[in-house]
Amino acid sequence: MIARWTCPRRSRAVAVSIASLGLVWTVAFGAVVVAGEQGSDQAPAVFTSEQASLGRTAYREHCAECHMPDLSGNEDAPPLGGPNFVSTWRTRTTKELVEYMSSTMPAGAPAPLKPEVYAAITAHILQSNGGQPGSEVFAATTNAVIGQVISGRPVASSHEPAP
């Protein structure tokens, strides 16, 4: 067997370089993971505050009689806010909600509402369930998973009584 002589200084320098590289990689990877986790807590904003406000007005006019002003529902109309709504709709998309509403609501109405009215009412429902407004205008074709858009925590300001 051939013995190799290594320089203690060089071995130490290589060990320090490898350790430093590992530390840099760990910090960089950790920052990416933490940034990804912070981003996942932020729900996507798929409607504007103006849409939610218009939707609140349209909801009061076309939906509140059956679904109640606070979105709590009654025996004949399911709740559009709170835990029951969240558990029913969290895995479905905003597009499915708009399609369902536009094909069935308002009950007994001679003609359906315009697509932009359904979009505004949906924005109000999303905001009432903790969805945060942003700069993106919600359209009937917006296809976001509802559970990723809402927090499930009600927003008190969207339940204000009509003036």
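Residues numbered from 1 in each chain as written. Predicted model: local features only at pLDDT ≥ 70, side-chain atom pairs only at ≥ 80, totals over all residues. Heavy atoms only, no water.

### Comments concerning the packing of helix 2 (residues 49-62) against helix 6 (residues 115-128)
In the contact formed by helix 2 and helix 6, the axes pass within 7 Å of each other and the chain directions differ by 100°. With respect to their mutual orientation, helix 2 and helix 6 come out roughly perpendicular. Listed contacts from helix 6 to Gln-51, Ala-52, Leu-54, Gly-55, Arg-56, Ala-58 and Tyr-59 of helix 2 are Val-117, Ala-119, Ala-120, Ile-121, Ala-123, His-124 and Gln-127. Looking at the contact of helix 2 with helix 6, its residues break down into nine nonpolar, four polar and one charged. (Axes fitted to C-alpha atoms, helices over the stretch in contact; angles between N-to-C directions. Helix = DSSP H or I, 4+ residues; strand = E, 2+ residues; numbered from the N terminus. Parallel < 35°, antiparallel > 145°, perpendicular 65-115°, else oblique. Contact = heavy atoms within 4.5 Å. Nonpolar A, V, L, I, M, F, W, Y, C, P; charged D, E, K, R; others polar.)

### Quick word on the side chain of Thr-48
With respect to the helices, strands and loops of the structure, Thr-48 is situated in the loop between helix 1 (8-41) and helix 2. Here the side chain of Thr-48 touches Gln-51 through a polar contact of 3.0 Å, landing on its backbone nitrogen. In contact with Thr-48, other than residues within four places in its own chain, are Pro-133, Gly-134, Ser-135, Glu-136 and Val-137. (Polar contact = N/O pair within 3.5 Å; in protein donor to acceptor, adjacent residues only side chain to side chain.)

### Digging into the nonpolar core
Judged by nonpolar contacts, the single largest core of 27 residues is most densely connected at Phe-85 and Ile-121. Those elements giving two or more residues to this core turn out to be helix 2, helix 4 (83-89), helix 5 (94-104), helix 6 and helix 7 (146-149). Discounting residues that sit within four places of it in the chain, Phe-85 has contacts with Pro-79, Leu-80, Arg-90, Leu-97, Ile-125, Asn-129, Ile-146 and Ile-150. (Core = buried A, V, L, I, M, F, W, Y, C linked by side-chain atoms within 4.5 Å. Buried < 20%, exposed > 50% of the residue type's maximum accessible area, 1.4 Å probe, protein only.)

### Notes on the confidence of the model for the protein
Looking at the protein as a whole, the pLDDT averages 79, with 67% of positions reaching at least 70. Least confident of the elements in the protein is helix 1, whose mean pLDDT is 46; most confident is helix 2, at 97. Below a pLDDT of 50 lies the segment residues 21-40, which in the model reaches zero contacts outside its immediate sequence neighbourhood of four places, other chains included. Here residues 157-163 scores under 50 on pLDDT; set against residues more than four positions off or in separate chains, the count is 11 contacts. (pLDDT = per-residue confidence, 0-100.)

### Focus: the packing of aromatic side chains
Under the defined criterion, the tally for this structure stands at two aromatic pairs. Judged by centre distance (6.4 Å) and plane angle (25°), the rings of Phe-85 and Trp-89 are stacked. With a gap of four residues between them, Phe-85 and Trp-89 both fall in helix 4, about one helical turn apart. With a relative accessible area of 1%, Phe-85 lands in the buried category. Geometrically, the ring pair formed by Trp-89 and Tyr-100 is tilted, given 6.0 Å between the ring centres and 55° between the ring planes. In this pair, Trp-89 sits in helix 4 while Tyr-100 sits in helix 5, placing the two residues 11 residues apart along the sequence. Take Trp-89: its relative accessible area is 10%, and that puts it in the buried class. What makes Tyr-100 partly exposed here is its relative accessible area of 46%. Three or more aromatic residues joined by ring pairs form one cluster here, namely Phe-85, Trp-89 and Tyr-100. Lying across the ring of Trp-89, Arg-92 places its NZ or CZ 4.6 Å from the centre. (Phe/Tyr/Trp six-rings, centres within 6.5 Å; stacked < 30°, edge-to-face > 60°. Lys NZ or Arg CZ within 6 Å of the ring centre and 35° of its normal.)

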